[in-house]
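Structural features, examined
This is what each chain is made of:
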Amino acid sequence: MATITQTIQTEISHLISGNEIYDTYQPRWRYLLESYLGGETYRDAKHLTRYQLETDAEFEARLNNTPLDNHCYSVVSIYKSFLFRTCPHREYGSLEGMPEVEDFLKDADMDGRSLEAFMKDAMTWSSVFGHSWIVCTQPNVGATTREEQVQLGVRPYVSLLTPLTVLDWQYTRAPNGRYELDYFKYLEDVNGSVRVVKEWTQYSIKTTVVDIDNSEIQEQYEEPNNLGKIPAVCVYNIRSTVRGIGVSDIADISDLQRFIYNATSEVDQSIRLNTHPSLVATPETNVGTGSGALIHMPENLDPGLRPYMLEYTGASVDSIYQAIKQTIDSIDKIANTGSIRSTEARRMSGVAQEQEFELLGARLSEKADAMELAEEQLWKLWSNYLGYEWDGHIDYPGSFNIRDTASEITQLKIAKDTATSPEVYKEIDKQILEWMEVDQEQIDKVEPMLHPVTTAQNRTQHIQEMIMEGYTDQQILDKHPEISQADITTAKEALLQVGE
C-alpha cells in the first residue's frame, strides 16, 4: 500500500511540475505579472525593501501607505492602443462566407470574446511575459460529418494561456528541417486544490484531474488527437535564444518601477520624520501626543536625561523626487514613449522627436509582424479542423504614422505666413485638411470652392482678388474658362485707377 501511495504521489508531482526551463523562468514571470497588475497584487508581493529592525506592523503600514506609479501597465497599454488602432485586414480565401467563420469572429473562445479582443489579450500577455500561447481545439462529440457538426453547433475555438500555466513543451526537428511541437502540457483549470492537467502529443490528448491536498487522481482519461499535430501557437513578443521563450517589453521597466516604488516610500518617510521628529525620553517621563502636548518629568531627573528631539539629517525630498524623475526618463527612453507619455512641455527638437517616433514605429512594426505570423498559424489550425487548407491572408498594419500634430500645425502656419504663391497656399490648405482627417473627396472639392464659376456681377472683383494673390494671367485663364483676356485687362485697368 505504501508503495502504491508513493507511486501516485510521484505521478502527481510529475504532472503538476514544469520542465527545467519553466522552473528557471517561473519566478521572473510571476514578478513581471505582479509589476503589470499593480494594486493589491503588487502590494501583497512586498516589493518594498524592508528596514533592519522594522517590525511586521511597521512594514505593513509602509506597504499600505506607499502608492504605485504603474509604468509597466502604461507602456503596454500604449503599445496595444497603437497596434490595434487600425483593425487587421483579413482575407479568408475558401473559408469566405462560412457560418463557422462568422461565429468564430464574434466568439473566438466560446466565452464571448471576439477574435479582435482575443488577439488584443494575446498581444498584452506576450508584451508582459515575452510570449503567450494559443491553443486551438474542437470538442469531440462523435460527429462524423460536417453537417452533423453544424447541427450540434460544434466548431473550433481558441484558448489563451500565459507562460505560468504552460508547464512543459518540447520541440523536435522534422526531416524537412522544420521544428515541430511534439509534447505540450498545461494547466487547463485551477479550482482550489484541484488541478486539471492537459497533455498533448501528436497522437493523443490526456486529461488528468488531480486533488493536491488529498494527493489523489480524481479522474483520468485519454482520447485520440485526430488532427495529427499539437494545435498550439507560441505568440512571441520578441524571440529569445531559447525556443518557446520570448523577451518581455517590461523586463527592465519593472526593475525601474520597483526603484520608484521604494523611492516613493522614502519620500513618505522623509515627510513624516520632518513633520514628526522622534522624541528621546526616559521610561519614567510622561509624554503627551499631538501639537502642544505636555511632558511630565520626574522631579529628581538628571538634567542630562531630559527629553530631546532627534534632528533628521536624511536626504531631502527634492533630491528623491529628482531621482524619480530621472528614472521615469529612463523608462521613456527604453520604451520610446517619451513624447507620448509626457505630461508637460518637453524641450525636444523636431529631429529628436522624429527619431523617437521612428524608433517607436519600428518597435510596433516588429510586434505587428509577430502578431500577424501567430494569427496566420492559428487560422491554419482552425482550417485543418474543418478539413480545409488555409489559403487566406492576414495583414496587420505595418506602418504607424505617429505625428506631432501641434508642431506640424505651427510649421504650416509659419509656411503660410511666409508663402507668396497661390499654389503654395493651396498645398498648405490640403495639408491642414489631411491633418483634420478629411476625406480625399472633400479635399478635392476645396479647389472649386476657392474658385467658383464667376458671373458678370462678380467677375471683375474676383479677377482683382486673384491678381492681388499673385496669379498670372495664364493661371487665371486655366482656372476660369469663362474669363477672357479682355476681362483680365479690364480688371487690371480698374485696379490701377483705384491705386491712383
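1. A look at the nonpolar core
Counting residues in hydrophobic clusters, the biggest one holds 80 residues, and the most contacted among them are Met-119, Trp-133, Ile-134, Trp-169, Phe-184 and Trp-379. The leading source of residues in this core is helix 12 (residues 350-385), at ten residues. Beyond its immediate chain neighbours, meaning those up to four positions away, Trp-169 contacts Asn-19, Ile-21, Tyr-22, Trp-29, Trp-133, Leu-181, Tyr-183, Phe-184, Arg-243, Gly-244 and Ile-245. Formed by seven residues, the second largest nonpolar core is a distinct cluster that contains Tyr-471, Ile-476, Ile-483 and Ile-488.

2. Remarks on the packing of aromatic side chains
Taken as a whole and judged by the stated rule, the model has 15 aromatic pairs. Where Phe-104 meets Trp-379, the ring centres are 5.3 Å apart and the plane angle is 80°; that geometry is what we call edge-to-face. Placement of Phe-104 in helix 6 (residues 99-106) and of Trp-379 in helix 12 is noted, with a sequence separation of 275 residues between them. Of the two residues, Phe-104 and Trp-379, both sit in the buried class. Every member of this aromatic cluster is reached through a ring pair, and the members are Tyr-92, Phe-104, Trp-379, Trp-382 and Trp-390. Lying across the ring of Tyr-171, Arg-243 places its NZ or CZ 5.8 Å from the centre.

3. A look at the pairing of strand 6 (residues 194-200)
Here strand 6 lies mainly inside the structure; six of its seven residues are buried. Across seven bridges, strand 5 (residues 179-191) lies against strand 6 in antiparallel orientation. Bridge assignment links Asp-189 to a residue of strand 6, and that residue is Val-196. Counting the residues in the hairpin turn of strand 5 and strand 6 gives two residues, including Gly-192, whose phi is positive at 65°. Hairpin connection, strand 6 to strand 7 (residues 204-211): the antiparallel pair is bridged by three residues.

Analysis parameters
- Residues numbered from 1 in each chain as written.
- Predicted model: local features only at pLDDT ≥ 70, side-chain atom pairs only at ≥ 80, totals over all residues.
- Heavy atoms only, no water.
- Core = buried A, V, L, I, M, F, W, Y, C linked by side-chain atoms within 4.5 Å.
- Buried < 20%, exposed > 50% of the residue type's maximum accessible area, 1.4 Å probe, protein only.
- Helix = DSSP H or I, 4+ residues; strand = E, 2+ residues; numbered from the N terminus.
- Contact = heavy atoms within 4.5 Å.
- Phe/Tyr/Trp six-rings, centres within 6.5 Å; stacked < 30°, edge-to-face > 60°.
- Lys NZ or Arg CZ within 6 Å of the ring centre and 35° of its normal.
- Pairing = 2+ DSSP bridges.

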